[in-house]
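# Close look at the chain arrangement
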Amino acid sequence: LQIGARNVFREFTTVHCATSDDQLTMLGDDNLVLAYSHIAHECVIGNHLIMSSHAALGGHVIVGDYVTIGWGAGVHQFCRLGDHAMLGGASKVVQDVPPYMISDGNPATVRTINKIGLERNGFSENEIALVRRLFKTFYKEGLNRTQAIDRLHASEDCESRVVKAFLGFMMDSQRGVS
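Report on the accompanying structure.

### With respect to the side chain of threonine 13
Structurally, threonine 13 can be placed in the loop between strand E2 (8-9) and strand E3 (14-15). One polar contact links the side chain of threonine 13 to the main-chain carbonyl oxygen of arginine 10, over a distance of 3.2 Å. Excluding its chain neighbours within four sequence positions, the residues that come into contact with threonine 13 are Val33, Leu34, Ala35, Tyr36 and Ser37.

### Some remarks on helix H3 (residues 145-154)
If you check which residues of H3 are buried, you get Ala148, Ile149 and Leu152. Buried positions in H3, seen along its axis, are confined to an arc of 100° and lie on one side of it. Residues of H3 that are exposed and angled more than 90 degrees away from the buried face: Thr146 and Ala154. At its buried positions, H3 is contacted by helix H2 (125-139) and helix H4 (161-172). Put simply, asparagine 144 is the residue that caps the front of H3, since its side-chain oxygen is 3.1 Å from the backbone nitrogen of threonine 146.

### Here's the deal with the layout of surface pockets
A volume near 190 Å³ is recorded for the largest pocket. Every residue along the wall of the largest pocket is listed here: His48, Ile50, Tyr66, Thr68, Met86, Asn114, Ile116, Gly117, Arg120 and Asn121. Of the residues forming the lining of the largest pocket, the biggest block, three residues, is contributed by helix H1 (residues 115-120). Looking at side-chain class alone, the lining of the largest pocket contains four nonpolar, five polar and one charged residues.

### A few points about the pairing of strand E16 (residues 101-105)
Regular strands place their side chains on alternate faces of the sheet. Relative to E16, strand E14 (residues 86-87) is paired through two bridges, and the arrangement is parallel. Residue leucine 87 lies in a different strand from E16, and its bridge partner there is serine 103. As defined by bridge partners, E16 adjoins strand E17 (residues 108-113) across five bridges and the pair is classed as antiparallel. Across the sheet, serine 103 pairs through a bridge with valine 110, a residue of E17. Linkage of E16 to E17, two consecutive antiparallel strands, is achieved through a turn of two residues.

### Notes on the sheet that holds strand E6 (residues 38-39)
With respect to topology, five strands assemble into an open sheet ordered E3-E6-E9-E12-E15, the strand pairing being parallel. Each end of this open sheet is capped by a strand with a single partner; those strands are E3 and strand E15 (92-93). Pairing of strand E12 (residues 74-75) with E15 involves two bridges; the strand directions are parallel. Pairing of glycine 74 across the sheet is with lysine 92, part of E15.

### Quick notes on unusual backbone geometry
The step from asparagine 106 to proline 107 runs through a cis peptide bond, and the omega angle for that step is 0°. By the secondary structure assignment, proline 107 is in the loop between E16 and E17. Although it is not a glycine, arginine 6 adopts a positive phi angle of roughly 60°. By the secondary structure assignment, arginine 6 is in the loop between strand E1 (2-3) and E2. By relative accessible area, which is 57% here, arginine 6 ends up exposed. Within the chain, histidine 54 stands out as a residue other than glycine whose phi angle is a positive 65°. Within the secondary structure layout, histidine 54 lies in the loop between strand E8 (50-51) and strand E9 (56-57).

What counts and what doesn't
- Residues numbered from 1 in each chain as written.
- Predicted model: local features only at pLDDT ≥ 70, side-chain atom pairs only at ≥ 80, totals over all residues.
- Heavy atoms only, no water.
- Helix = DSSP H or I, 4+ residues; strand = E, 2+ residues; numbered from the N terminus.
- Polar contact = N/O pair within 3.5 Å; in protein donor to acceptor, adjacent residues only side chain to side chain.
- Contact = heavy atoms within 4.5 Å.
- Buried < 20%, exposed > 50% of the residue type's maximum accessible area, 1.4 Å probe, protein only.
- Arc of directions from axis to C-beta.
- 1 Å grid on protein atoms, 1.4 Å probe; cavity = no way out; pocket = protein on both sides within 12 Å on 5 of 7 lines; lining within 4 Å.
- Points joined across faces, edges and corners; volume = space filled by probe spheres on them.
- Nonpolar A, V, L, I, M, F, W, Y, C, P; charged D, E, K, R; others polar.
- Pairing = 2+ DSSP bridges.

If you want it as structure tokens, here you go:
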């Protein structure tokens, strides 16, 4: 188990060690894990996570930076939560949640962009507008994932840090994307 600096673990949280000597459960810096939450074996947690009470991460979950997980949410093993994503309370995640998005429900599906979280973390108005276009391309235009990726690769925005991060996440998905 490797834990970074300035993490806060409230009452009755659990963080499991890895299941073998050649593996690690890792948490970055400045994370807040609230009461009764659980982080299972071989999870990799970035920085600035806010994990509300009674939430649980299955084994091998990867969580990016500045992620917020709502009360009572459960994340299935081997899923990923992208940077600046938000997971609604009591959600059940069985597929990856892309960066910058809010996902909610049972099973969790992407509902909208994490506008407030992006604003709080210094994203410009133009970058937030670009995230909204990403959301529309992937979730509102009736395209499958391959078609949406191709469209973004062909767009004038494909060199933006926001688009690069989003496309990289989408193309690396092993479990599918919510």
